[in-house]
Amino acid sequence: VVATQSSVSSGINAEYGEEMTIKLTYWSIRGLGEPIRHLLRYQNEEWVDNALPPTPASFREYAKMRDQEDMPFGNLPFIEDDGKKITQSITIMRHLGRKFGLYPSDPEELVMCEIVEQEIFDLRNRITAACYDRYAARGPNFPASEKGVFDHEHLRRNFLRRFKERIPKFEKTLTKAFLLGDKPVYVDFLLYEYLDQLKEFLPEAFENCANVLNYLSRFKELPNLKEWFESDEYKQGNYINAPHAYWNGKD
Amino acid sequence: LSSGINAEYGGESIRHILRYQNEPWEEHTLTISTEGFTEWMQMRDADDMPFGNLPFIEDTDTGKKVTQSITVLRYLGRKFGLFPTDPAEIVHCEIVEQEIYDLRNKMTTAVYNPYNGFGPYPGSEIGKFDHEFLKGRFAQRVGERIPKFEKTLNKPFLLGDKPCYVDFLLYEILDQLKSFLPEKFEGSSNVLAYLKRFEELPNLKDWFQSDKYKEGNYINAPMAAWHGKK
């Protein structure tokens with residue numbers, strides 16, 4: 001069962017037992033962190049969800065964490081497990097996959113898994129590219145571009161066209177209960193979350209994709225995850241991108 | 001024996017690992033033309049092509065096609081004994097692998113104009129690409145990252161005395177970044193020594209001394225705002 005906690009300030013020292021618990025630090029949005037949350041929810045182990053509200057105050061808190069000695073290439077999300085910090089969402093997912101027996105051992109299954117892992121991550125990164133105005137100012141030391149103009153509609157149109165070519169491959173692949181068979185592996189947690197985010201962003205692409213839609217429904221029925229998807233917190237809805245993004249999946 | 005099919009410029013890491021292994025491979029280059037594009041469409045939609053992308057390799061030992069450059073490097077790493085087995089080394093390796101992916105991704109954003117038309121598809125009427133601005137933002141990011149690489153590259157290769165699959169990705173991205181943002185590398189003695197050391201590896205040494213290498217190649221596609229070819 002899950003213990004969820006939002007840390008309020010960086011002055012809190014690790015409480016007794018907290019060092020043994022996996023702690024995820026990320027913005028409170030779905031973004032790149034939600035697949036990790038899904039995997040941790042699925043496990044029957046306590047974990048800490050250090051969800052930072054996307055405000056200037058927590059950005060300063062994050063900047064302090066980022067520059068610490070034991071932080072490899074400071075990024076969000078990161079997890080702390082057994083005293084070690086691990087960054088990069090894909091690396092975290094693979095690590096937790098190995099830890100919790102959600103990692104394929106058959107070499108052919110592993111290759112298929114890794115191809116899909118990269119494919120879905122690519123697509124998630126394209127949502128980012130289409131939704132954030134790279135030319136906007138980012139605080140007092142980072143002024144806006146004078147020449148650059150962001151055209152979200154154009155980027156969305158191009159992405160939709162590309163994604164409509166891709167989704168038939170997912171439709172063809174997702175013919176079993178989960179990616180490799182009856183039981184999920186770590187990539188299923190990435191697949192569910194990012195396909196669901198894509199469905200919010202590009203709903204037109206999902207028409208007539210029965211296998212993909214069934215896959216998404218099936219994921220929500222998994223033990224432990226089922227409780228999450230029936231919870232009020234889930235039903236409230238959450239940001240997919242940061243609130244300041246041109247399209248953030250909530251407002 | 002693998003046959004390599006590389007048309008994207010992101011294929012160089014794959015070539016490096018094949019050169020190092022002395023593994024013969026066939027290269028099938030698709031030209032950026034109508035014919036090349038048509039040929040690619042046929043390959044992409046073939047039944048045995050998982051999520052068609054470039055680069056991809058076809059391992060003639062198994063007949064399997066593998067796409068996604070990171071997945072290809074991991075696959076060849078395992079095949080050639082260049083994949084770590086110690087769990088802590090695996091995590092470190094994979095963190096760096098993903099950092100490289102991040103940097104490559106962000107360099108792509110800084111050099112390719114997404115508002116251009118493409119074939120029958122029109123360009124944007126309002127969107128305007130500002131390469132210098134994006135390059136500046138990217139340079140800030142690279143400037144923050146290099147000290148971390150500098151700290152970790154205090155050994156011959158990423159994990160120790162011998163290279164692992166990530167070194168083939170790491171050399172290539174650092175070398176590309178050095179061409180793109182040379183000022184960011186000044187004073188980074190570990191990183192610069194690492195790049196030289198990689199070029200001295202057996203088999204790779206021959207490549208780096210060859211005329212073909214010295215001719216120079218495109219880092220990005222020719223239509224990019226910065227493509228890296230001299």
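Refer to the structure printed above.
Each value, and the rule that gives it
- Residues numbered from 1 in each chain as written.
- Chains lettered and ligands numbered in written order.
- Predicted model: local features only at pLDDT ≥ 70, side-chain atom pairs only at ≥ 80, totals over all residues.
- Heavy atoms only, no water.
- Contact = heavy atoms within 4.5 Å.
- Buried area = accessible area lost by both parts, 1.4 Å probe.
- Salt bridge = Lys/Arg side-chain N within 4 Å of Asp/Glu carboxyl O.
- Polar contact = N/O pair within 3.5 Å; in protein donor to acceptor, adjacent residues only side chain to side chain.
- Helix = DSSP H or I, 4+ residues; strand = E, 2+ residues; numbered from the N terminus.
- Nonpolar A, V, L, I, M, F, W, Y, C, P; charged D, E, K, R; others polar.
- Pairing = 2+ DSSP bridges.
- Axes fitted to C-alpha atoms, helices over the stretch in contact; angles between N-to-C directions.
- 1 Å grid on protein atoms, 1.4 Å probe; cavity = no way out; pocket = protein on both sides within 12 Å on 5 of 7 lines; lining within 4 Å.
- Points joined across faces, edges and corners; volume = space filled by probe spheres on them.

S.K.: Help me understand the interface of chain A and chain B, please; the structure alone is not making it clear to me.
M.R.: Many authors give the size of an interface as the accessible area that is lost as the parts come together. Facing the 56 residues of chain A at the interface are 53 residues of chain B. Of the roughly 4,500 Å² buried between chain A and chain B on both sides combined, carbon and sulfur atoms contribute 51%. Ranking the residues of chain A by area buried against chain B places Phe-73, Ile-115 and Lys-169 of chain A at the top, with a combined share of 17%. Between chain A and chain B we count 8 salt bridges in total. Here Arg-98 of chain A makes a salt bridge to Glu-94 of chain B, at a shortest N to O gap of 2.8 Å. Applying the counting rule to chain A against chain B returns 27 residue pairs in polar contact (both at pLDDT 80 or more). Of all the elements in the fold, those that place two or more residues in the side of chain A that touches chain B are β4 (84–87), α3 (89–99), α4 (107–131) and α5 (152–173) of chain A. Its residues placed into classes, the side of chain A that touches chain B shows 21 nonpolar, 14 polar and 21 charged.

S.K.: For this particular structure, what's the right way to read the sheet that holds strand β3 (residues 78–81) of chain A?
M.R.: Across a sheet, strands are paired by hydrogen bonds formed along the backbone, either parallel or antiparallel in direction. Residues and elements named next belong to chain A. Read across the sheet, 4 strands follow the order β2-β1-β3-β4 without closing on themselves; strand pairing throughout is mixed. Two strands bound the open sheet, and with one partner strand each, they are β2 (47–52) and β4. Sheet twist, expressed as the mean angle between neighbouring strand axes with direction ignored, is 20°. As judged from the 6 bridges shared by strand β1 (residues 22–27) and β2, these two strands associate in the parallel manner. From the neighbouring strand, Ile-22 faces β2, where its bridge partner is Trp-47.

S.K.: Sorry if this is basic, but what is going on with empty space enclosed by the protein here?
M.R.: Under the definition given, this model contains 1 cavity of 30 Å³ or more. Here the largest cavity is characterised by a volume of approximately 30 Å³. Lining the largest cavity, in full, are Glu-119, Asp-122, Leu-123, Arg-126, Arg-162 and Arg-166 of chain A together with Asn-53 and Gln-68 of chain B. When residues of the lining of the largest cavity are traced back to their parent elements, those giving at least two are α4 and α5 of chain A. A per-element tally of the lining of the largest cavity places α4 of chain A first, with 4 residues. Partitioned by chemical class, the residues of the lining of the largest cavity number 1 nonpolar, 2 polar and 5 charged.

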